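# Per-entry structural report
So you can see what is in the structure, the chains are spelled out below.
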Amino acid sequence: MGEVLAVVREAPRQYARIARLWVRSSLAYRASFVMLTLASLLLTFLDFVGLALMLHLIGDLDGFALWEIALLYGASGIGIGVADLLIGSVEQIGQHIRSGTLDAMMVRPVPLIVQVCADRFAIRRLGRITQAVAVFAWAAWSVDWTPSKVVVALLMVVSASAIFFALFVTFSCIQFWTQDASEFANAFTYGGNTMTQYPLSIFPSEVLKSLTFVIPVAFANWYPCLYLLDREDPFGMPEWFAVAPPFVAALMCVVAVLAWRTGVRRYTSTGS
Amino acid sequence: MPLIDVRDLERTFVVRKRAGGMRRTRTEVHAVRDLTFSVEAGEMVGYIGPNGAGKSTTIKMLTGILVPTAGHLHVAGLEPSRHRTELARRIGVVFGQRTTLWWDLPLHDSFELLQKIYRIPIERYRANLAAYVELLDLGDLLDTPVRQLSLGQRMRGDITAALLHDPEILYLDEPTIGLDVVSKGRLREFLRTLNAERGITLLLTTHDLQDIEALCRRVMVIDHGTLVFDGDLAALHRKGGSTRTLVVDLLDEAAPIEVPGATVRRVEGPRQWLSFPSDASAAPIISAVAASYAVADLSIQEPEIEDVIRDLYGRA
């Protein structure tokens, strides 16, 4: 147990050391670094402009005003942005298996997951977070804040990151079996992000139920945001779902760790 | 207790093949079986075998990347697959065909990261770095981005990277592949020094048998997943049942020479090739030939290790 704790304590520092080298690596090509960063900012900006334009034409979406949708959009964006920045590289696992770099990582005294996540750390992914934070901040201006809402909002942002974090890891682990399935994982991570950019009430109740109980991304923003917006769930889900995100996130992280361990065990027992 | 202790090691893979339509056949392939050997600290061992013989499977099990199907395996007193991270601090691995260095950064940066992740005491790190920079002539290259290094320079960088944390064992997978003759020579010289002066145990896989002849007192040959030979080079020649050849240039063409202990393999004009067992002395045969024939010149050809090994592969 003490051993496990030591690993957990050491991991962030090891991560930071490896990530720092990747940042310096990317600075070796300064022009391409600047262009990629700008492109990433522009892309995420246009993404929101598209949504805003559409809403402007329609007026509102199922009774949700633009700023309310911006709150949902921002919360989900921060969640996936943080997860993508910190561990988005985990979806390259299939590539590491194919090229043999995974073997090289396995003979280093740093937990494999730390090395895989820190690999090709790209600071330009901050673009997505910056944009999401800006959108969230703008929307938050209109929220009728109370102390309990502040707590729910803080828990939401941390949990959303952890939920997407767990999704990235869990679905990337499929690549231990089928090495070319990073697109499959994207369907759940980025797909989940896209769904949660809209008020989930616009979808049939089956969709909401599966996003609550199967791939629980609804906890990343929908339930806590309903509370922040003083709204009741259109499908009659309990109000305490607003404070459930930390527990959902913790559960999903446990699933992710198990998936990762099973995947690594599969790799070490088949070598392919 | 030996540093590497392998007994009855076995590794099977399940291969699924399509057998028409949706049906699939499931076959078990023995990548490694009944593998038994041990390596003492300070040895320098060549591990050779044709492609697919089980070399990399063995190395992967020794480093903990692959779990054995059955058998006993201890490296430095640890069970590799169970204590992979712990073992990683005590071994060094060089993958010949790919680098583990940071492509876009100077060598120096990769080394500094290794100092931190292996937690090498700083004085120890500095001393090692200085020593290997000197031995491998890396001084001018430390500030060069890895992508600008030649293959030979990069290999020297990779070897340094694998040695900074003072490993007890260094595994080298095809270390001289793609290097020019001069670089190969220098690398072999370095590995000899490393083994002799620092006592680091070396296990190298190679297809270049000159590596083996230049470096290894001991050779292990694996084929079809089992060891077909384990011993020193001289014994390998004997085991191969190989023969040395006496080339005789007579003054005139003659009938095949008849002397005890040797047989004529080939006749071409006045030149004749006589073969005799490689463990027999050439002296009595030479004197017998000289006594009965008019000899212009004599020479002895040593058996080629390639031929010896080809013989072994064929037999298994």
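Keep in mind it's a predicted model, so treat the numbers as computed, not measured.

### Regarding the overall build of chain B
Within chain B, the regular secondary structure consists of 10 helices and 13 strands. The principal-axis extents of the C-alpha atoms in chain B amount to approximately 75 × 60 × 45 Å. The buried share of chain B, reckoned over its 316 residues, is 38%. A fraction of 69% describes how many contacts in chain B between residues 6 or more apart in sequence connect residues 24 or more apart.

### Examining the sheet that holds strand E13 (residues 295-301) of chain B
Residues and elements named next belong to chain B. Across the sheet, which stays open at both edges, the 4 strands sit in the order E11-E12-E10-E13 with antiparallel pairing between neighbours. What marks the edges here is a single partner per strand, and that holds for strand E11 (263-268) and E13. Sheet twist, expressed as the mean angle between neighbouring strand axes with direction ignored, is 20 degrees. Where strand E10 (residues 243-250) lies against E13, 6 bridges are found, and the strand directions are antiparallel. Among the inter-strand pairings, Val 247 is bridged to a residue of E13, identified as Ser 299.

### Looking at the sheet that holds strand E1 (residues 4-18) of chain B
All names here are of chain B. Pairing within the open sheet is antiparallel, and its 3 strands lie in the order E2-E1-E4. Edge positions in the sheet fall to strand E2 (24-39) and strand E4 (70-75), since each has one partner strand and no second. Taking each pair of neighbouring strands and ignoring which way they run, the sheet shows an average axis angle of 30 degrees. In this structure, E1 lies alongside E2, joined through 12 bridges in antiparallel fashion. Paired with Asp 5 across the strands is Ser 38, a residue of E2.

### Thoughts on the packing of helix H3 (residues 66-87) of chain A against helix H7 (residues 126-140) of chain A
Residue and element names in this part refer to chain A. At their nearest, the axes of H3 and H7 sit 7 Å apart, and the two run at 155 degrees to each other. By the criterion of interaxial angle, the relationship of H3 to H7 is roughly antiparallel. As for the relative orientation of H3 and H7, their crossing is left-handed in sense. Along its contact with H3, which presents Trp 67, Ala 70, Leu 71, Tyr 73, Gly 74, Ala 75, Gly 77, Ile 78, Gly 81, Val 82, Asp 84 and Leu 85, the element H7 presents Leu 126, Arg 128, Ile 129, Gln 131, Ala 132, Val 133, Val 135, Phe 136, Trp 138, Ala 139 and Ala 140. A class-by-class count of the residues in the contact of H3 with H7 yields 17 nonpolar, 4 polar and 2 charged.

### Focus on the interface of chain B and chain A
Between chain B and chain A, the contact holds 25 residues from the first and 19 residues from the second. Sort the elements by how many residues they give to the side of chain B that touches chain A and helix H3 (residues 107-117) of chain B lands first, with 4 residues. Tallied by class, the residues present in the side of chain B that touches chain A amount to 14 nonpolar, 4 polar and 7 charged.

### Structural notes on the domain arrangement of chain B
Residues and elements named next belong to chain B. We note that the domain assignment places domain 1 (1-90 + 168-182 + 194-239), domain 2 (100-166) and domain 3 (240-315) within chain B. Each partner contributes to the interface: domain 1 provides 12 residues, whereas domain 3 provides 11 residues. Those elements giving two or more residues to the side of domain 1 that touches domain 3 turn out to be helix H7 (209-215), strand E8 (218-223), strand E9 (226-232) and helix H8 (233-239). For the side of domain 1 that touches domain 3, the leading source of residues is H8, giving 4 residues.

### Considerations on unusual backbone geometry
Even without a glycine there, the phi angle at Arg 120 of chain A is positive, about 55 degrees. Here Glu 174 of chain B, not a glycine, exhibits a phi torsion of approximately 50 degrees, which is positive. Within the secondary structure, Glu 174 of chain B is located in the loop between strand E6 (169-173) and helix H6 (181-198).

### What to know about the environment of Thr 270 of chain A
All names here are of chain A. Among the secondary structure elements, Thr 270 is positioned in helix H12 (residues 245-270). Judged by the 13 C-beta atoms lying within 10 Å of it, Thr 270 falls in the partly exposed class. Taking the C-alpha atoms as reference points, Thr 270 and Trp 177, 93 residues apart in sequence, are found 9.9 Å from one another.

### Remarks on the pairing of E1 of chain B
Side chains on a regular strand alternate between the two faces of the sheet. One ladder, built from 5 bridges, connects E1 of chain B with E4 of chain B; its direction is antiparallel. Across the sheet, the residue bridging to Arg 7 of chain B is His 72 of chain B, located in E4 of chain B.

### Structural notes on the packing of helix H4 (residues 122-136) of chain B against helix H5 (residues 151-163) of chain B
All names here are of chain B. Contact pair H4 / H5: the axes reach a minimum separation of 10 Å and the direction vectors enclose 155 degrees. By the angle between their axes, H4 is roughly antiparallel relative to H5. Between H4 and H5 lies a crossing of right-handed hand. Residues Asn 128, Tyr 132 and Leu 136 of H4 pack against Arg 156, Ile 159, Thr 160 and Leu 163 of H5. Partitioning the contact of H4 with H5 into residue classes produces 4 nonpolar, 2 polar and 1 charged.

### Brief notes about the pairing of strand E7 (residues 201-205) of chain B
All names here are of chain B. Most of E7 sits inside the fold, with 5 of its 5 residues counted as buried. Judged from the 4 bridges that link them, strand E3 (residues 44-48) and E7 form a sheet pairing that is parallel. Bridge pairing in E7 links Gly 46 to Leu 204. In this structure, E6 lies alongside E7, joined through 5 bridges in parallel fashion. Across the sheet, Ile 169 pairs through a bridge with Thr 201, a residue of E7. The parallel pair E6 and E7, bridged by H6, forms a crossover whose chirality is right-handed.

About the criteria used
- Note on numbering: residues in each chain are counted from 1, in written sequence order.
- Ligands are numbered from 1 and chains lettered from A, in the order in which they are written.
- Residue-level local features of this predicted model are given only where pLDDT is at least 70; pairs of side-chain atoms are given and counted only at 80 or more, and the full residue set underlies all totals for whole chains, interfaces and linings.
- Under the DSSP-based scheme used, a helix requires at least four consecutive residues in state H or I and a strand at least two consecutive residues in state E, with every element numbered from the N terminus.
- Note on burial: count the other C-beta atoms lying within 10 Å of the residue's C-beta; 20 or more is buried, 12 or fewer is exposed, in between is partly exposed, and C-beta positions come from the backbone.
- Remark: residues whose backbone-derived C-beta atoms lie within 7 Å of one another are considered to be in contact.
- In this scheme, strands are said to pair when DSSP sees at least two bridges between them.
- Helix axes are fitted only over the stretch in contact, all axes being lines through C-alpha atoms; the angle between N-to-C directions runs from 0 to 180 degrees.
- Roughly parallel means an angle under 35 degrees; roughly antiparallel means over 145; roughly perpendicular covers 65 to 115; every other angle is labelled oblique.
- Here a crossing is called left-handed whenever its near helix is offset anticlockwise from the far helix by less than a right angle, and right-handed whenever the offset is clockwise.
- All amino acids are sorted into three groups, where Ala, Val, Leu, Ile, Met, Phe, Trp, Tyr, Cys and Pro are nonpolar, Asp, Glu, Lys and Arg are charged, and the leftover types, Gly among them, are polar.
- An automatic or database domain assignment supplies the start and end points of every domain.
- The crossover handedness rule: strands pointing away from the viewer, path from first strand over the helix to second strand clockwise, crossover right-handed.

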